[in-house]
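Residue strings, one per chain:
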Amino acid sequence: DGGITQSPKYLFRKEGQNVTLSCEQNLNHDAMYWYRQDPGQGLRLIYYSQIVNDFQKGDIAEGYSVSREKKESFPLTVTSAQKNPTAFYLCASRGGTGDTYEQYFGPGTRLTVT
Amino acid sequence: GEDVEQSLFLSVREGDSSVINCTYTDSSSTYLYWYKQEPGAGLQLLTYIFSNMDMKQDQRLTVLLNKKDKHLSLRIADTQTGDSAIYFCAGGGGATNKLIFGTGTLLAVQP
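Bear in mind that the values here come from a model prediction, so they are computed numbers and not experimental data.

> Is there a simple way to explain the overall build of chain A in this structure?
Within chain A one finds zero helices and eleven strands. Traced from its N-terminal end to its C-terminal end, chain A shows the element sequence β-β-β-β-β-β-β-β-β-β-β. For chain A, whose C-alpha radius of gyration is 13 Å, the value lies close to the compact-globule estimate of 13 Å for 114 residues. Oriented by its inertia axes, the alpha-carbon framework of chain A measures out at about 45 × 25 × 25 Å. By the burial criterion, 48% of the 114 residues in chain A qualify as buried. Considering only intrachain contacts with a sequence separation of at least 6, the fraction spanning at least 24 residues in chain A is 52%. Accessible area of chain A: about 5,700 Å², with a carbon and sulfur share of 46%. When the 12 basic and 12 acidic side-chain charges of chain A are each reduced to a single mean position, those positions are 8 Å apart.

Now the structure itself:
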């Protein structure tokens, strides 16, 4: 069953702690993306990776870090430098064939930092 | 950069048609997309339209694109309570496929 998985669904952390959100895909997609969603706002791009061992900053990368050591995995670390980390985080991937550019999304992780 | 705008809320009665509107600023988007998000879930791709098309129909969904006015709409025929969700339009294309999303429209379907 192909798809994108994110774990955990809910995550709670104390302020000042780093936390890593998992994103795995078995769609054999080259490109992967991390978005942040806040109430009443659209999705904002944090980081993206078009190929293994390469990634670029999105519009709101400050306070976040990523790695892309394997094609299937694109974990996101929310560091203590991120001033407002509480949000809903969505991971997406895009396949390398075709030119329609659509992205496929995981179910999301809701992070609450207190 | 690109800006994509949507109205925040739409309420319709079950069985009526829903029309969700979107305006965008960057006319270089190759494709324009509509996504659906149910509560607490990820985004589900509903449909997309290539930028050189005016209309695309897919079962109950009709997408209209007015390139001159940079206006995109999604019409849902015979709206059902299961259609209640947030709908996002997005534009994008190019090598990086960086999609720019609108703020989302919350569709509430009244029984």
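> How should the overall build of chain B be read in this particular structure?
Along chain B, the regular secondary structure elements total zero helices and eleven strands. Scanning chain B from its N terminus toward the C terminus, one meets helices and strands in the order β-β-β-β-β-β-β-β-β-β-β. Taken across its 111 residues, chain B has 42% of its residues classed as buried. For chain B, long-range pairs separated by at least 24 residues make up 54% of all intrachain contacts whose partners lie at least 6 apart in sequence. When the accessible surface of chain B is summed, it comes to about 5,200 Å², and 50% of that surface belongs to carbon and sulfur atoms. Here chain B contributes 9 positive and 12 negative side-chain charges, whose respective centroids are spaced 3 Å apart.

> How should the sheet that holds strand β3 (residues 18–24) of chain B be read in this particular structure?
Residues and elements named next belong to chain B. Spatially, the five strands line up as an open sheet ordered β1-β3-β8-β7-β6, and their pairing is antiparallel. The open sheet has two free edges, formed respectively by β1 (4–6) and β6 (55–58), since each of these has just one partner strand. Strand-to-strand, the axes of this sheet are offset by a mean angle of 15 degrees, without reference to chain direction. Pairing of β6 with strand β7 (residues 61–66), which is carried by four bridges, proceeds in the antiparallel orientation. Note that in β7 the partner of Q57 across the bridge is T62.

> Help me understand the state of the cysteines, please; the structure alone is not making it clear to me.
Chemically, a disulfide is nothing more than a covalent bond linking the sulfur atoms of two cysteines. Counted under the stated rule, the structure contains two disulfides over all chains. Each disulfide pairs two cysteine sulfurs, and for C23 of chain A the partner residue is C91 of chain A, the sulfurs being separated by 1.9 Å. On the sign convention where negative is left-handed, the bridge of C23 of chain A and C91 of chain A, at about -70 degrees about the S-S bond, is left-handed. Separated by 68 residues along the polypeptide, C23 of chain A in strand β3 (residues 19–25) and C91 of chain A in strand β9 (residues 87–94) bring together distant segments of the chain. For C23 of chain A, a relative accessible area of 0% corresponds to the buried category. Put simply, C22 of chain B and C89 of chain B are joined by a disulfide, and their sulfur atoms are 1.9 Å apart. As the torsion about the S-S bond is roughly 70 degrees, the C22 of chain B-C89 of chain B disulfide counts as right-handed. One end of the pair, C22 of chain B, is in strand β3; the other, C89 of chain B, is in strand β9 (residues 85–92), with 67 residues separating them in the sequence. Of the two residues, C22 of chain B and C89 of chain B, both sit in the buried class.

> Which parts of the structure should I look at to understand the pattern of salt bridges?
Pairing is possible between side chains of opposite charge, provided their charged atoms come close. Taken as a whole and judged by the stated rule, the model has six salt bridges over all chains. Across the pair D38 of chain A and R36 of chain A runs a salt bridge whose closest N-O atoms are separated by 2.8 Å. The pair D38 of chain A / R36 of chain A is uniform in exposure class, with both members buried. D69 of chain B is paired through a salt bridge with K68 of chain B; the nearest N and O atoms lie 3.7 Å apart. Residue classification places D69 of chain B among the partly exposed residues on the basis of a relative accessible area of 47%. Beyond isolated ion pairs, a larger network of salt bridges with shared partners links R36, D38 and R44 of chain A.

Cut-offs applied
- The numbering scheme is per chain: residues are counted from 1 as the chain's sequence reads.
- For naming, the first written chain is A and the first written ligand is 1, with later ones following in the order written.
- Only residues with pLDDT of at least 70 are given local features in this predicted model, and only at 80 or more are side-chain atom pairs given and counted; all residues enter the totals for whole chains, interfaces and linings.
- The side-chain quantities take in all heavy atoms of the structure and omit both hydrogens and water.
- A run of H or I in DSSP becomes a helix once it reaches four residues, and a run of E becomes a strand once it reaches two; helices and strands are each numbered from the N terminus.
- For the radius of gyration, the atoms used are the C-alpha atoms, and the globule rule reads 2.2 Å times the number of residues raised to 0.38.
- Buried means the residue's accessible area, taken with a 1.4 Å probe over protein chains only, is under 20% of the maximum for its type, while exposed means over 50%, and partly exposed covers the values in between.
- Residue contacts are defined here by distance: any two heavy atoms, one from each residue, within 4.5 Å place the two residues in contact.
- Areas reported here follow the Shrake-Rupley algorithm with a probe of radius 1.4 Å; residue values treat only the protein chains shown as occluding.
- For this count, His and the chain ends are skipped, Lys and Arg are scored as positive, and Asp and Glu as negative.
- Throughout, a charge is located at the NZ atom of Lys, the CZ atom of Arg, the CG atom of Asp or the CD atom of Glu.
- Two strands qualify as a pair provided that DSSP identifies no fewer than 2 bridges between them.
- Where helices are involved, their axes are fitted lines through C-alpha atoms of the stretch in contact, as for all axes, and angles between N-to-C directions lie from 0 to 180°.
- Pairs of cysteine sulfur atoms within 2.5 Å are what we label disulfides.
- Each reported salt bridge corresponds to a side-chain nitrogen of Lys or Arg within 4 Å of a carboxyl oxygen of Asp or Glu.

Function-wise, these values are silent; they only describe arrangement.
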